[in-house]
Amino acid sequence: MPRERSGASRPPSGSVKIPPVRVGIGYDSHRFTSRRPLILGGVLVPGAPGLEGHSDADAICHALTDAILGAAGLGDIGEMFPDNDSANKDRDSIQMLEAAVRSLSATGYDVGQVDVTVIAEVPRLGPHRQAIRERLAAALGIDSERVSVKGKTNEGMGWIGRNEGLACIAVATLNRKR
Ligand code: MG
């Protein structure tokens, strides 16, 4: 049975005011593996192990896809791209982000801005930050000025501190089209 969604795609009723801005949050984490290259935000990042996962395990794209789908009330990345579907094996996760953006077309909203925090002991994101912003901006169809990418360590604590993997948190706003 399809899940009920309180989505932006629902036709507005007379008594409900359509909000001009909607906000969504996304989270993702993946375990490190030495068997793959590290891809974050669609960019190959040297200097750290890659990430295990069914797709290319791009945690930035996954968190951001969920933030956009969440803002729109359109479910989540696991519904859109099931990890038991062989079509998604090693999939370029930029495609998932692009699909989430395309799914907005029926909602009356566009992506406003996004903000991403990657939590990892390695790699240092600084040298790759601008490339990631530009790659994400192209996928989102917005200017890179509206894409923020930040990196933090976990101060050596817990599973992130032990370099078992990394986590990503993303926030997205959607603006109502005029
Ligand atoms: Mg993921």
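Given the structure is predicted, the values throughout are model-derived calculations rather than measurements.

A. Local environment of the coordination of the magnesium ion. Within the first shell, the magnesium ion binds the protein through Asp 28 (OD), Asp 28 (OD), His 30 (NE2) and His 62 (ND1), at distances of 2.2 to 2.7 Å. Summarised as a motif, the one-chain spacing of the donors to the magnesium ion is D-x1-H-x31-H. Of the two residues, Asp 28 and His 30, neither departs from the other in class, the shared state being buried.

B. Inspection of the packing of aromatic side chains at higher detail. What the rule picks out here adds up to zero aromatic pairs. Above the face of the Tyr 109 ring, Arg 22 is positioned so that its terminal group lies 5.8 Å from the ring centre.

C. Up close: the pairing of strand β1 (residues 21-33). Two elements, β1 and strand β7 (residues 165-176), share eleven bridges in a ladder whose sense is antiparallel. Bridged to Arg 31 within β7 is Gly 165.

D. Fine view of the sheet that holds strand β6 (residues 147-152). A sheet is described by the order of its strands in space; here five strands give the open sequence β4-β1-β7-β5-β6, paired in mixed fashion. Taken across any chain shown, the strands that pair with only one partner, and hence form the sheet edges, are β4 (50-51) and β6. Running at roughly 140° to β6, helix α4 (residues 129-140) makes contact with β5 (109-119) and β6 of the sheet.

E. Structural view of the packing of helix α3 (residues 93-103) against α4. In contact at an axis separation of 8 Å, α3 and α4 are set at 40° when each is read in the N-to-C sense. In terms of orientation, α3 and α4 fall into the oblique class. Within the contact between the two elements, α3 uses Ile 94, Leu 97, Glu 98 and Val 101 and α4 uses Arg 135, Leu 136, Ala 139 and Leu 140.

F. Structural detail: the nonpolar core. If you look at the biggest cluster of nonpolar residues, it comprises 44 residues, and the most contacted ones within it are Leu 40, Ile 68, Val 111, Leu 136, Leu 140 and Leu 166. At the level of elements, α1 (59-72), α3, β5, α4, β6 and β7 are the ones that each hand at least two residues to this core. Sort the elements by how many residues they give to this core and α1 lands first, with ten residues. Excluding residues within four positions of it along the chain, Leu 136 makes contact with Gly 41, Ile 60, Cys 61, Leu 64, Ile 94, Leu 97, Val 147 and Val 149.

Analysis parameters
Residues numbered from 1 in each chain as written. Predicted model: local features only at pLDDT ≥ 70, side-chain atom pairs only at ≥ 80, totals over all residues. Heavy atoms only, no water. Donors = N, O, S within 2.8 Å, 3.2 Å for Na, K, Ca; no water. Buried < 20%, exposed > 50% of the residue type's maximum accessible area, 1.4 Å probe, protein only. Phe/Tyr/Trp six-rings, centres within 6.5 Å; stacked < 30°, edge-to-face > 60°. Lys NZ or Arg CZ within 6 Å of the ring centre and 35° of its normal. Pairing = 2+ DSSP bridges. Helix = DSSP H or I, 4+ residues; strand = E, 2+ residues; numbered from the N terminus. Contact = heavy atoms within 4.5 Å. Axes fitted to C-alpha atoms, helices over the stretch in contact; angles between N-to-C directions. Parallel < 35°, antiparallel > 145°, perpendicular 65-115°, else oblique. Core = buried A, V, L, I, M, F, W, Y, C linked by side-chain atoms within 4.5 Å.

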